[in-house]
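Residues per chain are reported as follows:
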Amino acid sequence: MKREQLAFCLVFLSFIGANQLARAADPAHPDQPTVSPAEAISRLKEGNGRFTAGNPQHPHESVDDRKYMAANSYENAATISLGMTTEQAAKRRAELGKSQHPFAIILSCSDSRVPPEIVFDEGLGDLFIVRVAGNVLNDEGLGSIEYGVDVLGARLIVVLGHQSCGAVDAAMKTIAAKGKAPGHIQSLVTAIKPVVDSTPKGDLDTTIKANVKHVVDALRSSTPILKARVDSGEVQVIGGYYALDTGAVTFLEAK
Ligand SMILES: [Zn+2]
């Protein structure tokens with residue numbers, strides 16, 4: 001067995017094993033695995049490590065990887081999509097067709113350079129994601145996040161900002177010029193304005209991180225669903241900063 005094949009098998013087995021452990025730990029909800037916030041952070045860090053190392057485990061991300069697998073024991077290149085055998089991939093899709101148990105919720109910017117599944121090297125069914133420019137929080141986004149927690153059982157929420165965020169930059173420039181952004185883009189400026197106002201001497205990077213913290217604080221104090229669960233430790237909300245230069249995600253202060 002080649003090294004890559006062994007790695008795929010180990011990942012699949014660890015996935016199954018983690019699910020069984022989680023189910024055993026939550027007898028009241030046998031169909032709902034619970035992944036602790038610490039475990040979820042650990043998985044995201046490991047995935048981002050694979051991504052930054054140029055060694056992601058989702059081989060459908062490049063033509064070369066697909067060709068390699070097709071030539072190395074996978075039955076049919078056209079059906080390869082998850083870094084698993086055809087049989088394993090079908091089983092995973094069948095599981096997800098019945099239910100989903102994402103282990104983390106990500107609120108991230110819409111920026112095309114920061115797709116969470118890719119930068120955290122995760123696959124189908126792993127992450128419940130809300131994306132909006134500037135990773136701002138609106139009612140629909142909050143409702144989606146609450147759904148991820150209350151219905152789907154995710155216990156980690158990550159607010160992911162990033163280097164050179166155009167939404168934050170536009171907000172800073174529009175506010176400095178006492179202007180108004182065109183169309184509905186102004187709604188992003190309005191959402192980010194409290195952060196810009198509270199960091200008057202901040203450069204773009206400082207303001208981006210302040211914006212992440214602002215949204216993290218809003219989620220932690222959000223009633224009626226999130227605050228109680230954050231206070232009890234059941235749910236954790238943390239900020240993250242993605243560096244375009246390196247591909248690395250730095251997790252900001254945890255609570
Ligand atoms: Zn952005």
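Everything here concerns the structure above.
All values derive from a computational prediction rather than experimental measurement. (Residues numbered from 1 in each chain as written. Predicted model: local features only at pLDDT ≥ 70, side-chain atom pairs only at ≥ 80, totals over all residues. Heavy atoms only, no water.)

This next bit is on the overall build of the protein chain. When helices and strands are counted, the protein chain shows ten helices and five strands. Taken over 255 residues, the protein chain has a buried fraction of 43%. Taking the intrachain contacts of the protein chain between residues at least 6 apart in sequence as the baseline, contacts between residues at least 24 apart amount to 66%. (Helix = DSSP H or I, 4+ residues; strand = E, 2+ residues; numbered from the N terminus. Buried < 20%, exposed > 50% of the residue type's maximum accessible area, 1.4 Å probe, protein only. Contact = heavy atoms within 4.5 Å.)

Two descriptors summarise a pair of aromatic rings, namely the distance from one centre to the other and the angle between the planes of the rings. Applying the stated rule across the entire model yields two aromatic pairs. Between Phe 120 and Phe 251 the ring centres are 6.4 Å apart and the planes differ by 20 degrees, which places this aromatic pair in the stacked class. Pair noted here: Phe 120 is in the loop between helix H5 (116-119) and strand S2 (127-131) and Phe 251 is in strand S5 (residues 249-251), with a separation of 131 residues, a long-range link. We note that Phe 120, like Phe 251, is buried. Taking NZ or CZ as reference, Lys 209 lies 4.5 Å from the ring centre of Tyr 241, over its face. (Phe/Tyr/Trp six-rings, centres within 6.5 Å; stacked < 30°, edge-to-face > 60°. Lys NZ or Arg CZ within 6 Å of the ring centre and 35° of its normal.)

Pairing is mixed in the open sheet, where five strands are placed in the order S2-S1-S3-S4-S5. Each of the sheet's edge strands pairs with one partner strand only, and the pair in question is S2 and S5. Averaged over neighbouring strand pairs, the angle between their axes works out to 25 degrees when direction is ignored. The sheet contact formed by strand S1 (residues 104-108) and strand S3 (residues 156-162) spans four bridges and is parallel. Looking across to S3, one finds that Leu 107 is bridged to Val 159. Contacts from helix H2 (residues 37-52) reach S1, S2, S3, strand S4 (236-242) and S5, with the element oriented near 35 degrees to S3. Packing of helix H9 (residues 204-220) onto the sheet brings it into contact with S1, S3 and S4, and relative to S4 it is tilted by some 165 degrees. (Pairing = 2+ DSSP bridges. Axes fitted to C-alpha atoms, helices over the stretch in contact; angles between N-to-C directions.)

Let us look at the pairing of S3. With seven of its seven residues buried, S3 lies for the most part within the structure. Alternating positions in S3 separate into two faces, Leu 156, Val 158, Leu 160 and His 162 on one and Ile 157, Val 159 and Gly 161 on the other, with burial throughout. Bridging between S3 and S4 involves seven bridges; their strand directions are parallel. Bridge pairing in S4 links Gly 161 to Tyr 241.

Right, let's get into the nonpolar core. Grouped together as the largest cluster of nonpolar side chains are 36 residues, with contacts concentrated most on Ile 145, Ile 157 and Leu 219. Residues contacting Leu 219, with those up to four places away along its chain left out, are Leu 137, Leu 142, Ile 145, Ile 157, Val 159, Leu 226 and Val 237. Residues Ala 104, Val 114, Val 119 and Ile 238 belong to the second largest nonpolar core, which totals 18 residues. (Core = buried A, V, L, I, M, F, W, Y, C linked by side-chain atoms within 4.5 Å.)

Six octahedral donors around a metal ideally make angles of 90 or 180 degrees; four tetrahedral donors ideally make 109.5 degrees. Summarising the metal site, the zinc ion is bound by the protein donors Cys 109 (SG), His 162 (NE2) and Cys 165 (SG), whose distances to it range over 2.1 to 2.3 Å. Between the donor residues of the zinc ion, the gaps in sequence give the motif C-x52-H-x2-C. Of the two residues, Cys 109 is situated in the loop between S1 and H5 and Cys 165 in the loop between S3 and helix H7 (166-176); the sequence distance between them amounts to 56 residues. A single burial state applies to Cys 109 and to Cys 165, both of which are buried. (Donors = N, O, S within 2.8 Å, 3.2 Å for Na, K, Ca; no water.)

This model, assessed by the stated rule, comprises ten salt bridges. Between Lys 213 and Asp 217 there is a salt bridge whose closest N-O contact spans 3.0 Å. Of this pair, Lys 213 and Asp 217 are both found in helix H9, four residues apart, which corresponds to roughly one turn of the helix. Here Lys 213 falls in the partly exposed class, since its relative accessible area comes to 42%. Given a relative accessible area of 31%, Asp 217 falls into the partly exposed group. Where Glu 234 meets Arg 229, a salt bridge forms, and the shortest distance between an N and an O atom there is 3.9 Å. Connected through salt bridges with shared partners, the residues Asp 150, Arg 229 and Glu 234 form a single ionic network. (Salt bridge = Lys/Arg side-chain N within 4 Å of Asp/Glu carboxyl O.)

Keep in mind that these numbers describe shape and distance, not what the molecule does.
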